[in-house]
Structures are given as C-alpha cells and as structure tokens.
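What follows is the residue order along each chain.
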There are 2 protein chains.
Amino acid sequence: MSNTTLKKIAKVLDISISTVSRALKNHPDISVSTKQKVMELAQTLEYEPNAMAVNLRSKNTKVFGVMIPSITNNFYDSFIAAVEEEARKSGYSLMILQSGDNPEAEIENLKIYRQNRVSGLFACISQETINMAPFYKMKEAEIPIVFFDKVPDDDTFDKICLADKDAAVLAAETLLEKGKKNILAIFGNNQLSITKRRLAAFCGCIKEDKQVKLIIEHANNSQQAEEKTEHHFQPKQKPDAVFCMSDEILTGVMKSMQKMNMKLPVDTGIIALSDGSFPKLYYPEITYIETSGYKLGKLAFERMMDYIMGNTEPKELFITSRYVAGGSL
Amino acid sequence: MSNTTLKKIAKVLDISISTVSRALKNHPDISVSTKQKVMELAQTLEYEPNAMAVNLRSKNTKVFGVMIPSITNNFYDSFIAAVEEEARKSGYSLMILQSGDNPEAEIENLKIYRQNRVSGLFACISQETINMAPFYKMKEAEIPIVFFDKVPDDDTFDKICLADKDAAVLAAETLLEKGKKNILAIFGNNQLSITKRRLAAFCGCIKEDKQVKLIIEHANNSQQAEEKTEHHFQPKQKPDAVFCMSDEILTGVMKSMQKMNMKLPVDTGIIALSDGSFPKLYYPEITYIETSGYKLGKLAFERMMDYIMGNTEPKELFITSRYVAGGSL
DNA sequence: ATTATTTTCGCAATCGTTTGCGAATATGAA
DNA sequence: TTCATATTCGCAAACGATTGCGAAAATAAT
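So, how was this worked out
- Residues numbered from 1 in each chain as written.
- Chains lettered and ligands numbered in written order.
- Predicted model: local features only at pLDDT ≥ 70, side-chain atom pairs only at ≥ 80, totals over all residues.
- Heavy atoms only, no water.
- Helix = DSSP H or I, 4+ residues; strand = E, 2+ residues; numbered from the N terminus.
- Contact = heavy atoms within 4.5 Å.
- Pairing = 2+ DSSP bridges.
- Axes fitted to C-alpha atoms, helices over the stretch in contact; angles between N-to-C directions.
- Near = heavy atom within 4 Å.
- Polar contact = N/O pair within 3.5 Å; in protein donor to acceptor, adjacent residues only side chain to side chain.
- pLDDT = per-residue confidence, 0-100.
- Domains from an automatic or database assignment.
- Buried area = accessible area lost by both parts, 1.4 Å probe.
- Salt bridge = Lys/Arg side-chain N within 4 Å of Asp/Glu carboxyl O.
- Buried < 20%, exposed > 50% of the residue type's maximum accessible area, 1.4 Å probe, protein only.
- Core = buried A, V, L, I, M, F, W, Y, C linked by side-chain atoms within 4.5 Å.
- Phe/Tyr/Trp six-rings, centres within 6.5 Å; stacked < 30°, edge-to-face > 60°.
- Nonpolar A, V, L, I, M, F, W, Y, C, P; charged D, E, K, R; others polar.

Trainee: Teacher, can you tell me more about the environment of A:E128 here?
Mentor: Along the chain, A:E128 turns up in the loop between β3 (120-123) and α7 (133-140). Not counting the four nearest positions on each side in its chain, A:E128 is found in contact with A:D101 and A:P103.

As structure tokens, this is what we get:
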C-alpha cells in the first residue's frame, strides 16, 4: 500500500507518531534500535510522505509555475525543458499553464498558481498584457516571479531576456561583412517590444553603410512571411539576402524559397534569429544567430533559486547570442 | 493580502471558523445576514482557499500528471495542449514531467506523482520500459492511469492510441492508387511496437500488388533518415515514392530531397504519417495521413473523466486517421 | 406559559506531518 | 544510595479547511 501513513506505522510498532517521524528523519533523539525498526517497517509498507500534508505544514509546495502563451512552440519548449531539468535536481516539479496570449486567461492562471501556493513563477506575459496588477498580487502573496522572454517594462520585477539588440546587430554585421547590398528584412508584429528592439538595432547597424539597400517588412505569421518574400523577389531585382527575425518567419521564407526554386546560398542568402532547431531542417542548413530558449531557462532557474536564497534585489539579465554558421549565406 | 484564512475572517467577525466556511459555501444553515457579512469581508480581504489544506482534507488535488518522453516534441505538445484545454474547463491543472525515454527517470516521476497525489496520470511509456511494476504501484495508490501513444501490451490498463494500422494502410493504399511502383518506406526504431504495427500493416497492403517493388529502411533519427534516403536515390534507379513513418523521418527525407535537388511531385513523391505541422513547412506541402496528438489528447481526457466517474473497466480506444492532400504526391 | 420545532451557529475531530517542550527512563558520578 | 546528567520518547499544538453532531436561541404551536 502506498497510502501508508506515519500513524499506521506508529500503531503497528506501538510508538508515537512523532517518534516515527523523527526516526525517518534520522533525528538524534531517537535510538538506533527504534530507528531501524521504523525504517524497516516503512520500507516494507512502502511509506511515502504525503506531499499535501507536508506542504500544508511547511507552507512550501516545491512546485514552480511556468506560464507561457502556448506550449506548442519550440522556443518555449526548450525553455521548459531546461527549467524542468534543473527543477528536478532541486526536488521541484513544474505546473505549466498556457495563457493563449489572453490577459484574462493569464489572470485566471495566476489565481490557480496562488491557490496552489507555488514556490515561484516563471512568467512570459502575453502580447496584450497592459495591467500588471494581477502580477503584483503574486508579490503580495510572497510568490517570487521571474519574467522571461516577453517581459514587462516595470523594473521592480526580475527579468531574463534574450540579448535582442546584440543578436540583431550580430546578424546585421554578418550581412555587411558578407558584402550584401540588397537586404530584405522581415520582422514580426511591430506592436511587440521584442520586435521594436530587434528592428531598431538591426536597422541602426545596416544604415551605417550607405551603399546598402534595405527593405523592411512585417509579418504576423508564417504565411504572411511567405507572401511578403514572394512579393519582393521579382525577376528584375532580387534581394541578395533575407533576414528573418524569428523561426516563424524563417519557415515562411523558406517555403517561398522552395516555391521559387531559389538555391541557397547562390541565388540569395538567408540569416535568421533562431534557437537552432528549424535551421537544421533545411539543406543547406540555415545560418543563424542563436537565441536559445534552453539557455534562457537555465538562467531563469538560476535567478529563481538565487531569489529564494534571499537575493531579492530585482535584476534584469540577458543571455548572449552566438553566430552559428550554416550554408545559407 | 492573499494569505487570508478562514480563521482570520472568523476572528474579525467574531464568529466561528465553521460558520465562515459554511457561509462562503452558501450553506443553508447560515443566515443571510451572516452570509453577507462574511462574503463581503472575504471579498475585501481577497480570501482564496488554500489548496494545500483543501487537498489534504478532500484527498483530491485536482491535478493531473502528464508523463512524456520529451516536451520538445510537436506531437506531445499538441497532446498536452488538448489535455490542458479540457482540464482547465474541469478545474484541473497539469503536472508535466519528462521521462527522457529513461525507465529510471520514469520511476522517479511516478514517485513524484504519487507523493503529490495527482488525481490521475496520462502516461506515455518510454521505449525501454519493460517492467510495468512501477505503474501497478500507481493503481494500488488508486491513481488512475490513461496510457497514450506508446502504450504497454498489458490490457488491464486503459489505452488511447492512434489507429496505426489504419493510418499505415491508408498511406499504402494511396500510394498504390497513385500507381507508384518503386517505393522506399522508412520506418523508425524497429524495437518499438508502434513501428512494428505500422510496418506490418503497410507492408501487408503493398505486398498485395506483386508489381510493386518495396524497399524498407529503418532510421532512429532524422539524420539517419537523410542518409538512408540518399543511399537509395541513385542516378540509375530512383524510387518513385517515399513513405515516412513519422515527422522525424519526414524532416530527414526532405532535407535530402533539397540536397539532391529533387522536385516534388515530379521527380518523386512523398507521403508521411504526421500531425500536420511539419508537412506545412514545405513547398509543395507534403501529403500526409493525419495522426493528431490534439485529438489524442481530447480522447484521453474524455476517457480519464469517464474513469473517474466510475467507469473503471479498462478500454483501448483509437482515434481514426484522415488523408490530407498536399502537393507532394 | 409551556412545550415543540426550527433556525442559526459553535465544538471538536479529521486529513498527515512536523516540532517545541516536558516527562520518563537510563546512565553516570559522587 | 543519591543526585545530576543524558538518552529516548510522547503530548499537544500547529498548518487551513471541512463536517457531523449537538447546543443555544428564536420562533411557532398548544
């Protein structure tokens, strides 16, 4: 039986519950002989502490919440994978909830996290989140939050972000180094701060070279990226490189490349910001600037543990990006 | 304060805890006037029941466990997305743990699920899982299990599977209908029962037409699929169609197609078993037999709730597959 | 006015575990 | 033997919420 309790063991051995509890914890107050008896019986009865009771007493669930827009997203998946790996090592489990990029669902989720008294929360806010009040409520409930990827402006919060600027600049510099003169750059939804940052940094860098012609486009999804690409590839003048701000855009661009039967890197070049899984799907593999969800997860977890250890001063941390050469440029 | 308790409310109003509890639950024993006072105060004090305490008392956590090999997998993601959607509607949350296809981690996870007294478990067993004893332990602990996708043979368990046979047969029939005569079929790890089932059904169907030449290959990952494909595409004799048992294999095959500069569907044809996201990445889009993780999740959840409602007779259920025409065949 | 009935609420136990404090027993010292 | 110290353990409260049962108060019936 897995529903063995301290009480049951105590009754069988005719000792008190507290003695059983202490024996199992190897408390010095208990004699070795009693300890042995208790441990043996616990073993055969397959005693397993009831987490609900332990949590209630300790006011600590050893569960971290993770809130993301959607779980069917490679980037967040690797983030979660990283957090899960580390959490497991420290005896924590994860409660994952999706917001669906919907602020109301977000509030609902926060309530669930509060009621379940998670030990901490990793949160990625939705695109439409304006009111941060629900998140302040978490702080009142003394639940630490580490924001990641899409973070609020508010700097009373802990934030772990990609070094968007660096990544965009790195991509731009690479394009210039390769001598590209006619660049099509496709960005995501320009409402998003992440888009704004990447756009500003990228353009700022490219614009320094007056020789280079730069076309900027925005696409809200893969299909739009595909359409925009086709639109800019005319027989008369083709861009000699395409910059893709995200995986979503990359897949759209690549689809149109296949459609137009463009050979990389000869007919045109491609560089993307990506965590690396999609670039490896293609031949030649796509050259990209790595923005790793996995690394982000590791860093976020580290920050969370640091916070729990008492280092509660809010911080904004970045993970650095890295150039990964494929054959597309 | 979110850490308001019944006790606190009771003290302020100078009534007993039980009265507060009943008032909040709209119990008929409590007068309307008291109810109002309690509810108001609860509102202003932002009372939220402590799930740990409620769980301990009710012996029900309203949390479902979900164990999968890896979260960075499209198929499982959609499964989880589906389960999460439904779970939310019924007031359940999810605790997701990865096994990493490692039986030891699996056992560790089961322990976590037991200690946390999850209300039920959705499990996909790892490739190497032989000993089902750890899962029996869950049953002893009265935690219902619904296996999905990769399920054990043991039919004392509830199982929700893809209709592998049907899907494989559907793919085979499609190939024959299209008049393909020289087929390369790439399957996954042939230790897996899922591979065996798909292989048997596919071959059984193809073999009925003596005219057709069938080459069977196995690949344990995307890269192997790529290599095997290249190996079988010689200048002298190219297969006129490739069957891909999974997304993983499809991506490998497609990479080699790009490398060899093969045009679909003219140079060769491709059909895959997939949940549909990867086929849409390519141009032309890949023709596939849908094996939806999302649908699987919906069905698994339905079964779980059914079980909890008392219908504990073990069942094996299948979700039907469907032909989705792309432009690759 | 007295009894019967209903309304309204509190006591106390319970879920399973942890822990401060005190008590009983054992061991040692004088 | 007697007192002092260690060793070993149990009592009871606590975490927060729920609920059967009984009691007090209010109302109705006679």
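Additional details are given in the paragraphs that follow.
Trainee: Please clarify how the sheet that holds strand β12 (residues 322-324) of chain B should be interpreted in this entry.
Mentor: The pairing of strands in a sheet comes from backbone hydrogen bonds and takes either a parallel or an antiparallel form. Residues and elements named next belong to chain B. The strand order β7-β6-β8-β9-β10-β12 describes an open sheet built from six strands, whose pairing is mixed. Each edge of the open sheet carries a strand with a single partner, namely β7 (213-218) and β12. Put simply, the sheet's adjacent strands are angled 20° from each other on average, direction ignored. In the sheet, strand β8 (residues 241-244) pairs with strand β9 (residues 269-274) via four bridges, with the strands oriented parallel. Across the sheet, residue A241 finds its bridge partner in β9, namely G269. Helix α8 (residues 164-177) contacts β6 (182-187), β8, β9, β10 (287-290) and β12 of the sheet and is inclined by roughly 165° relative to β9.

Trainee: Even after reading the chapter, I still don't get the protein's contact with DNA strand C, so can you show me in this structure?
Mentor: Neighbouring DNA strand C are 26 residues, the closest being A:L6, A:R22, A:Y47, B:S16 and B:T19. By atom count, sugar and phosphate contribute 59% of the portion of DNA strand C lying within 4 Å of the protein. Taking A:Y47, its side chain carries an N or O atom lying 2.6 Å from a phosphate oxygen of DNA strand C. Within the side chain of B:S16, one N or O atom sits 2.7 Å away from a phosphate oxygen of DNA strand C. Of all the secondary structure elements, the ones that give two or more residues to the surface near DNA strand C are α1 (6-13), α2 (17-24) and α4 (51-58) of chain A together with α2 (17-24) and α4 (51-58) of chain B.

Trainee: Even after reading the chapter, I still don't get the confidence of the model for chain A, so can you show me in this structure?
Mentor: Should the pLDDT be low somewhere, the predicted coordinates at that spot are not to be read in detail. Confidence in the prediction of chain A, expressed as mean pLDDT, is 94, and 99% of residues score 70 or more. Looking at the elements of chain A, mean pLDDT is at its lowest for α7(A), recorded as 91, and at its highest for strand β8 (residues 241-244) of chain A, recorded as 98.

Trainee: Before we go on, may I ask you to explain the domain arrangement of chain A in this structure?
Mentor: Size of an interface, as often reported, equals the accessible area lost when the parts are brought together. We note that the domain assignment places domain 1 (6-49), domain 2 (61-162 + 294-321) and domain 3 (164-292) within chain A. Look at where the C-alpha atoms of domain 1 of chain A and domain 3 of chain A centre, and you get two points 64 Å apart.

Trainee: Looking at this structure, how should I read the interface of chain B and chain A?
Mentor: With 54 residues of chain B in contact, the opposing surface of chain A contributes 54 residues. Broken down residue by residue, the surface that chain B buries against chain A is led by B:M52, B:R117 and B:Y283, which jointly contribute 14%. Counting the contacts that link chain B with chain A gives six salt bridges. Across the pair B:R114 and A:E48 runs a salt bridge, and its minimum N-O distance is 2.3 Å. Counting across the interface, chain B meets chain A through 18 residue pairs in polar contact (both at pLDDT 80 or more).

Trainee: Would you mind going over the side chain of B:T195 with me for this structure?
Mentor: All names here are of chain B. Looking at where T195 falls in the secondary structure, it is placed in helix α9 (residues 193-206). Overall, the relative accessible area of 0% leaves T195 in the buried class. Setting aside residues up to four positions removed in sequence, T195 forms contacts with F187, G188, N189, N190, H218 and M245.

Trainee: Looking at this structure, how should I read the nonpolar core?
Mentor: Among soluble globular proteins, nonpolar side chains are generally buried collectively. Core analysis: the largest hydrophobic core is formed by 90 residues, its most contacted members being A:F202, A:F243, A:I270, B:F202, B:F243 and B:I270. Once you skip the residues sitting within four places of it in the chain, B:I270 turns out to touch B:V242, B:C244, B:L250, B:V253, B:M254, B:M257, B:L264, B:I286, B:T287, B:S328 and B:L329. Counting residues in hydrophobic clusters, the runner-up holds 54 residues, among them A:V146, A:F301, B:Y76 and B:L299.

Trainee: Looking at this structure, I do not really get the packing of aromatic side chains. What am I missing?
Mentor: For any pair of aromatic rings, the description consists of the separation of the ring centres together with the inter-plane angle of the planes. For the structure shown, the criterion picks out 28 aromatic pairs over all chains. An angle of 10° between the planes, with centres 3.7 Å apart, marks the rings of B:F79 and B:F148 as stacked. One end of the pair, B:F79, is in helix α5 (residues 74-89); the other, B:F148, is in strand β4 (residues 145-148), with 69 residues separating them in the sequence. By the burial criterion, B:F79 is buried, and B:F148 matches it. Here the aromatic residues A:F64, A:F75, A:Y76, A:F79, A:Y92, A:F122, A:F148 and A:F301 are joined through ring pairs into a cluster of three or more.

Trainee: Could you clarify how one ought to interpret the sheet that holds β8(A) in this entry?
Mentor: All names here are of chain A. What the six strands build is an open sheet, ordered β7-β6-β8-β9-β10-β12; its pairing is mixed. On the outer flanks of this sheet lie β7 (213-218) and β12 (322-324), each paired with one strand and no other. Strand-to-strand, the axes of this sheet are offset by a mean angle of 20°, without reference to chain direction. Across three bridges, strand β10 (residues 287-290) lies against β12 in antiparallel orientation.

Trainee: How should I be thinking about the protein's contact with DNA strand D in this particular structure?
Mentor: Neighbouring DNA strand D are 26 residues, the closest being A:T19, A:T34, B:L6, B:R22 and B:Y47. Expressed as a percentage, the sugar and phosphate content of the atoms of DNA strand D within 4 Å of the protein is 59%. A:S18 is positioned such that a nitrogen or oxygen atom in its side chain is 3.0 Å from a base nitrogen of DNA strand D. One of the side-chain nitrogen or oxygen atoms of B:Y47 is found 2.7 Å away from a phosphate oxygen of DNA strand D. Where the surface near DNA strand D is concerned, the elements lending two or more residues are α2 and α4 of chain A together with α1 (6-13), α2 and α4 of chain B. Counting residues per element, the surface near DNA strand D draws most heavily on α2(B), at four residues. Residue classes in the surface near DNA strand D are distributed as nine nonpolar, nine polar and eight charged.

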